[in-house]
Amino acid sequence: EEASTTLWGDDLEELRKFIPDIPNIDKWFAVQVQHELAAIKYRINSMASSRLQNYCLAVLSSIITSVSFQEEETKYRSLPRDVTFGNALKTYASKLKSVLKMSKSLPNDLTSFVNMTSKDMRLDEEFDRCFDICITSPPYPNVTDYHLYHRHRNFWLGEDPVVFGKAE
């Protein structure tokens, strides 16, 4: 907490507005990590382009579990550990850099990503003309507890994990 106050100074109160209301948050995230993730979220929210915001939020989502105390992607158990000052910021910067490098190999005419469930898809000719590629992930009902394992991501993205759980 002391290091955070020194680093963020007067901005600490502003950053706290970007920390989601996660039950028992200190059990899942070191205080410094909460502040670092809030700083990232603050910068993303200040971006003018919603497309760039979505891109950066996807990168943020991808690091949440690795900077938290959650044991691993498919184990919803808190396993507190020592957290290096600046770790969340470094992890985000590294991931963003690798994603940007990878995205340069994508075709220039790639315009958007669409996230939908199979319920949203229509199997007709018009729908088929809208997409060049469809990448899916098969559901594993009663095997993988998606809403639980992604609970913290949902909170950090401003989504309601209860709604996500019901949709699952």
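Refer to the structure printed above.
This write-up is about the structure you can find in this document. (Residues numbered from 1 in each chain as written. Predicted model: local features only at pLDDT ≥ 70, side-chain atom pairs only at ≥ 80, totals over all residues. Heavy atoms only, no water.)

**Details of the side chain of Ser68**
Next up, step 1: Within the element layout of this structure, Ser68 appears in the loop between α5 (50-67) and β1 (70-72).
Next up, step 2: Side-chain polar atoms of Ser68 contact the backbone nitrogen of Gln70, separated by 3.0 Å. (Helix = DSSP H or I, 4+ residues; strand = E, 2+ residues; numbered from the N terminus. Polar contact = N/O pair within 3.5 Å; in protein donor to acceptor, adjacent residues only side chain to side chain.)

**With respect to the environment of Asn45**
Next up, step 1: Within the element layout of this structure, Asn45 appears in helix α4 (residues 31-45).
Next up, step 2: The spacing of Asn45 and Leu57 is 12 residues in sequence and 9.3 Å in space, taken between C-alpha atoms.
Next up, step 3: In contact with Asn45, not counting residues within four places along its chain, are Phe18 and Gln53. (Contact = heavy atoms within 4.5 Å.)

**So, the pattern of salt bridges**
Next up, step 1: Enumeration according to the criterion identifies four salt bridges in this entry.
Next up, step 2: The shortest N-O distance in the salt bridge between Arg153 and Glu73 comes to 3.0 Å. Remark: Glu73 occurs in the loop between β1 and β2 (75-78) and Arg153 occurs in helix α9 (residues 151-156); sequence separation between them is 80 residues.
Next up, step 3: Its relative accessible area of 37% is what places Glu73 among the partly exposed residues. (Salt bridge = Lys/Arg side-chain N within 4 Å of Asp/Glu carboxyl O. Buried < 20%, exposed > 50% of the residue type's maximum accessible area, 1.4 Å probe, protein only.)

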